Amino acid sequence: MFPAASSSSRATGPSSAPPAQPAADAEPSPRDPQSAAPPGNQSAVPPGKQRDAFFDNAKYLAIVLVAMGHAWEPLKGDSRTLQAAYMFVYAFHMPAFIVISGYFSRSFDMSPTKLKRLVTGVLVPYVVFETAYALFERAVGDDPDMPISLLDPWYLTWFLVALFIWRLTTPLWKLVRHPVPVSVAIALLASVSPDIGDDLDLQRVLQFMPFFVIGLSMKPEHFQAVRRRGARLLSLPVIAAALAVAWWAVPRMNPAWFYHRDAAQELAAPWWCGPVMVLGLLAASLTLTACFFAWVPGRTMWFTTLGAGTLYGYLLHGFFTKAADFRGWLEADWLHGPLGAVCVTLLAASLVTVLCTAPVRRVFRFAMEPTMDWAFKKDAAEIARRRVKS
């Protein structure tokens, strides 16, 4: 992942991606070399297959946008320009992550191997980081009695819960004749259902779900289409118009709509605003996600290898973001001017870049990609296949 950075300690996130990011399985094909591991957690690549630089580049650039958005949170109140940039970025950075996660989840089939990977690559990191964030809040924040609750995702961990649920439902979406309209209908109903509550951040799970299902429905040619020169040129006026709309919307729109974490009634809006905003933001987010993909390089860049570590960057940078919030590191007056905003933006991008590097991944692999062979029974079918091959 394939992300909101509000000041509240719980139920926030990168929306809050990638990305990115944060993770997903894919149908094995020459164009989908990341099929061996989840997005953001993809160090293993099958022998003889080469990773697709486009997807690694997209995940890295998306996680940089996630970190920048979080860094802007305490500064944006002093600048309409920064608020507009914040809304613009939040419109597509997590949708892009989630679309990629859905695309690389197409081969998930409830097989023992895939279920084991889902547990070790998504569920275990959720338990580890949900616990670590709660202990961090106790030690560094202002809540020494912060409970450890696996039912109430804290800050960035909502994405892991969502990814776990989305991936488990993948076989069901493959059976549905029209999966995208069904997922949109569910998102619309969630937007008018405040009784869903905060458990497992189900509002976000349901409202962001159409992006995952759209990713499941996509094929390689869809990504090729948005990367053509004509699409790239067409994206320029679209991006300009989106920035203008974001500038106009700053004093008129609650940015919490982009977080998809509340029903309309919880945002002090009439119930019918929920479906209207979900549909409008879905259209805007998909359009801007296509524009984003149009400008993602398809060739190997200096940052391409960092795309394999976006889940690391996503989960680890939250400690620095929250520490800055708890300790007031961004309260200096000069940081709230244009120069300060530029410095904070560059620092956030540099920090998340470092957190995606191989040395950091080696240190934290025990929490992000544990093998845990001791916890699982031997797969008889896999053992038989290995015997035949040998």
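Model, not experiment: these values are computed from the prediction. (Residues numbered from 1 in each chain as written. Predicted model: local features only at pLDDT ≥ 70, side-chain atom pairs only at ≥ 80, totals over all residues. Heavy atoms only, no water.)

1. Notes on the overall build of the protein
What counts is decided by this rule: Helix numbering and strand numbering both begin at the N terminus, where a helix is a DSSP run of H or I of at least 4 residues and a strand a DSSP run of E of at least 2. The buried label applies to any residue whose accessible area, calculated with a 1.4 Å probe on protein chains only, is under 20% of its type's maximum; exposed applies above 50%, and partly exposed to all values in between. Here, Shrake-Rupley sampling with a 1.4 Å probe gives the accessible areas, and only protein chains in the shown set may cover a residue.
Counting its secondary structure elements, the protein contains 15 helices and 0 strands. Taking all 390 residues of the protein together, the buried fraction comes to 53%. With the model as given, the accessible surface of the protein reaches about 16900 Å², and the carbon-plus-sulfur share is 66%.

2. Comments concerning the packing of helix α5 (residues 158-168) against helix α8 (residues 202-217)
Counted only if it meets this: An axis is simply a line fitted to the C-alpha atoms; with a helix, the fit covers only the stretch in contact. Between two such axes, the angle follows the N-to-C directions and lies from 0 to 180 degrees. Here the angle decides the label: under 35 degrees means roughly parallel, over 145 means roughly antiparallel, 65 to 115 means roughly perpendicular, and every other value means oblique. The crossing is said to be left-handed when, going from far helix to near helix, the turn is anticlockwise and less than a right angle, and right-handed when the turn is clockwise. Only heavy atoms matter for contacts: two residues are in contact if any of them lie within 4.5 Å across the pair. Three residue categories are used. Nonpolar comprises Ala, Val, Leu, Ile, Met, Phe, Trp, Tyr, Cys and Pro, charged comprises Asp, Glu, Lys and Arg, and polar comprises the others, including Gly.
Two elements in contact, α5 and α8, have axes separated by 10 Å at closest approach and are oriented at 60 degrees. Considered as vectors, α5 and α8 are oriented oblique to each other. In the packing of α5 onto α8, the handedness of the crossing is right-handed. On α8, the residues that touch Trp-158, Ala-162, Leu-163, Ile-165, Trp-166 and Arg-167 of α5 are Leu-202, Arg-204, Val-205, Phe-208, Met-209 and Phe-212. Here the contact of α5 with α8 is composed, by residue class, of 10 nonpolar, no polar and 2 charged.

3. Overview of unusual backbone geometry
Trans peptide bonds make up the majority, and among non-glycine residues the majority have a negative phi. Although it is not a glycine, Leu-200 adopts a positive phi angle of roughly 55 degrees. The residue Leu-200 is located in the loop between α7 (179-190) and α8 in this model. Its identity is not glycine, yet Asp-201 carries a phi of approximately 50 degrees, on the positive side. For Asp-201, a relative accessible area of 3% translates into the label buried.

4. As for the packing of aromatic side chains
Heads up, the condition is: Stacked, tilted and edge-to-face pairs are distinguished by plane angle, under 30 degrees for stacked and over 60 for edge-to-face with tilted covering the rest, among Phe, Tyr and Trp rings (Trp via its six-membered ring) whose centres lie within 6.5 Å. Either the NZ atom of lysine or the CZ atom of arginine qualifies as a charge over a ring when it sits within 6 Å of the ring centre and within 35 degrees of the ring normal.
Taken as a whole and judged by the stated rule, the model has 31 aromatic pairs. By way of ring pairs, the aromatic residues Phe-54, Phe-55, Phe-88, Phe-92, Tyr-103, Phe-104, Phe-223, Phe-292 and Phe-293 are connected into one cluster. The residue whose ring lies beneath Arg-232 is Trp-295, and the NZ or CZ to ring-centre distance is 5.5 Å.

5. Focus on α7
Our working rule: Multiplying 1.5 Å by the residue count of a helix minus one yields the expected span of that helix. Throughout, the arc means that of the directions going from the helix axis to the C-beta atoms.
For α7, which comprises 12 residues, the first-to-last C-alpha distance of 17 Å matches the rise-based estimate of 16 Å (1.5 Å per residue) to within 8%. Of the residues making up α7, those classed as buried are Pro-179, Ser-183, Val-184, Ala-187 and Ala-190. End-on view of α7: buried residues confined to an arc of 130 degrees, all on one side of the axis. Facing away from the buried side of α7, by more than 90 degrees, are the exposed residues Pro-181 and Leu-189. On its buried side, α7 packs onto α6 (170-175), α8 and α11 (273-295).

6. Points about a nonpolar patch on the surface
The cut-off we apply is this: Each patch is built from residues lacking any salt bridge and having more than 30% relative accessible area; the joining distance is 9 Å for like charges and 5 Å for nonpolar side chains (Val, Leu, Ile, Met, Phe, Trp, Tyr). Criterion for a salt bridge: a side-chain nitrogen of Lys or Arg within 4 Å of a carboxyl oxygen of Asp or Glu.
On the surface, Met-110, Leu-115 and Leu-168 cluster together to form a nonpolar patch covering roughly 200 Å² of accessible area. Position of Leu-115 relative to the elements: it lies in helix α4 (residues 112-140). On the accessibility criterion, Leu-115 (30% relative accessible area) is partly exposed.

7. Digging into helix α14 (residues 358-368)
Side chains of residues three or four places apart in an α-helix project in the same direction, reflecting 3.6 residues per turn. Restricting attention to buried positions, one finds in α14 the residues Val-360, Arg-361, Ala-367 and Met-368. Down the axis of α14, the sector holding all buried residues measures 95 degrees, keeping them to one side. Away from its buried face, by an angle of more than 90 degrees, α14 presents the exposed residues Arg-362, Val-363 and Phe-366. Close packing links the buried residues of α14 with α4, α12 (310-327) and α13 (338-355).

8. Considering a negative patch on the surface
Spelled out, the test is: When charges are counted, Lys and Arg are positive and Asp and Glu negative, with His and the chain ends excluded. For charged residues, the charge sits on one atom: NZ in Lys, CZ in Arg, CG in Asp, CD in Glu.
A cluster of acidic residues, Asp-195, Asp-198, Asp-199 and Glu-266, forms a negative patch at the surface. Along the chain, Asp-198 falls in the loop between α7 and α8.

9. Comments concerning the nonpolar core
Heads up, the rule is: As used here, the term nonpolar core means buried Ala, Val, Leu, Ile, Met, Phe, Trp, Tyr and Cys residues forming a set that is joined through side-chain atoms within 4.5 Å.
The biggest cluster of nonpolar side chains holds 104 residues, and the ones touching the most others in it are Ile-63, Trp-166, Phe-292, Phe-293 and Tyr-314. In terms of residue count, the dominant contributor to this core is helix α1 (residues 53-72) (13 residues).

10. Some remarks on the packing of α4 against α12
Close contact between α4 and α12 brings their axes to 11 Å; oriented N to C, the two are set at 15 degrees. Viewed along their axes, α4 and α12 adopt a mutual orientation that is roughly parallel. Crossing handedness for the pair α4 and α12: right-handed. For the pair formed by α4 and α12, the contact residues are Gly-121, Phe-129, Ala-132, Tyr-133, Phe-136, Glu-137, Ala-139 and Val-140 on the first element and Leu-311, Leu-315, Leu-316, Gly-318, Phe-319, Lys-322, Ala-323, Phe-326 and Arg-327 on the second. Tallied by class, the residues present in the contact of α4 with α12 amount to 12 nonpolar, 2 polar and 3 charged.

11. Thoughts on the pattern of salt bridges
Between side chains of opposite charge, a pair can form when the charged atoms approach closely. In total, this model carries 5 salt bridges according to the counting rule given. Of the charged contacts, one joins Asp-262 and Arg-261 as a salt bridge, the two residues approaching to 3.7 Å between their closest N and O atoms. Asp-262 sits in the buried class, given a relative accessible area of 17%. The residue Glu-369 makes a salt bridge to Arg-365 at a minimum N-O spacing of 3.6 Å. Since its relative accessible area comes to 30%, Arg-365 is described here as partly exposed.

12. Thoughts on the side chain of Asp-262
Among the secondary structure elements, Asp-262 is positioned in the loop between α10 (229-249) and α11. In this view, Asp-262 contacts Gln-203, Gln-207 and Leu-267; residues no more than four positions away in its chain are not counted.

13. Describing the environment of Leu-216
Assignment of secondary structure puts Leu-216 in helix α8. Residue Leu-216 is classed as buried on the basis of its relative accessible area, which comes to 15%. Not counting chain neighbours up to four residues away, the residues in contact with Leu-216 comprise Gly-102, Tyr-103, Ser-105, Arg-106, Thr-170 and Trp-173.

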